[in-house]
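As a plain string of letters, each chain reads:
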Amino acid sequence: MLFSSLSFLFFFFPLVLILYYLVIYCIGRTAGNLILFCSSIFFYAWGEPQNVLILLASICFNYSIVKCIERGERFKKYIYSFLLQ
């Protein structure tokens, strides 16, 4: 499924958009973000299913790095020094 395909434009995108706003209205923004996350993974799995595990691993790795930086652990100074070089 491509962004310009008819199945995306007339089925997937409107369905996700409607579902997102319904969930935000009924449950909350966090649940809406979960809907967007799951629909994004489904979209990428539709096009290239063999790369979904790499995508999920990258998401988990980046999330854990951000949480370490947020907590202010020793890891923070190493990341900052790496980014400033």
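Above this note sits the structure.
Definitions and cut-offs
- Residues numbered from 1 in each chain as written.
- Predicted model: local features only at pLDDT ≥ 70, side-chain atom pairs only at ≥ 80, totals over all residues.
- Heavy atoms only, no water.
- 1 Å grid on protein atoms, 1.4 Å probe; cavity = no way out; pocket = protein on both sides within 12 Å on 5 of 7 lines; lining within 4 Å.
- Points joined across faces, edges and corners; volume = space filled by probe spheres on them.
- Helix = DSSP H or I, 4+ residues; strand = E, 2+ residues; numbered from the N terminus.
- Nonpolar A, V, L, I, M, F, W, Y, C, P; charged D, E, K, R; others polar.
- Phe/Tyr/Trp six-rings, centres within 6.5 Å; stacked < 30°, edge-to-face > 60°.
- Buried < 20%, exposed > 50% of the residue type's maximum accessible area, 1.4 Å probe, protein only.
- Axes fitted to C-alpha atoms, helices over the stretch in contact; angles between N-to-C directions.
- Parallel < 35°, antiparallel > 145°, perpendicular 65-115°, else oblique.
- Left-handed = near helix turned anticlockwise from the far one by under 90°.
- Contact = heavy atoms within 4.5 Å.

Participant: Is there a simple way to explain the layout of surface pockets in this structure?
Facilitator: Remark: the empty space left among the atoms is shown by a probe the size of a water molecule rolled over them. Empty space within the largest pocket amounts to approximately 180 Å³. Forming the boundary of the largest pocket are Phe3, Phe8, Phe12, Phe13, Val16, Leu17, Tyr20, Leu36, Ser39, Ser40, Phe43 and Tyr44. The element contributing the most residues to the lining of the largest pocket is helix α1 (residues 6–26), with six residues. Taken together, the residues that form the lining of the largest pocket break down as ten nonpolar, two polar and no charged.

Participant: What is the right way to read the packing of aromatic side chains from this model?
Facilitator: The geometry of an aromatic ring pair is captured by two quantities: the separation of the ring centres and the angle between the planes. Scanning the model with the defined rule gives eight aromatic pairs in all. Judged by centre distance (5.1 Å) and plane angle (70°), the rings of tyrosine 20 and tyrosine 21 are edge-to-face. The exposed category is assigned to tyrosine 21, whose relative accessible area is 52%. Between phenylalanine 43 and tyrosine 44, the ring centres sit 5.6 Å apart and the planes meet at 75°, which makes this aromatic pair edge-to-face. Classification of tyrosine 44 by relative accessible area gives partly exposed; the value is 46%.

Participant: Whenever I open this one, the packing of α1 against helix α2 (residues 29–47) confuses me. Can you help?
Facilitator: For any two helices packed against each other, the geometry comes down to the angle between their axes and how far apart the axes lie. One way to put it is that α1 packs onto α2 with a least axis distance of 7 Å and a crossing angle of 160°. On the basis of their axis angle, the class for α1 and α2 is roughly antiparallel. Where α1 crosses over α2, the two elements pack in a sense that is right-handed. Of the residues in α2, those touching α1 at Phe8, Phe12, Val16, Leu19, Tyr20, Val23 and Ile24 are Arg29, Ala31, Gly32, Asn33, Ile35, Leu36, Ser39, Phe42 and Phe43. Each residue belonging to the contact of α1 with α2 can be placed in one class, and the counts come to twelve nonpolar, three polar and one charged.

Spatial relationships are all this shows, so hold off on functional conclusions.
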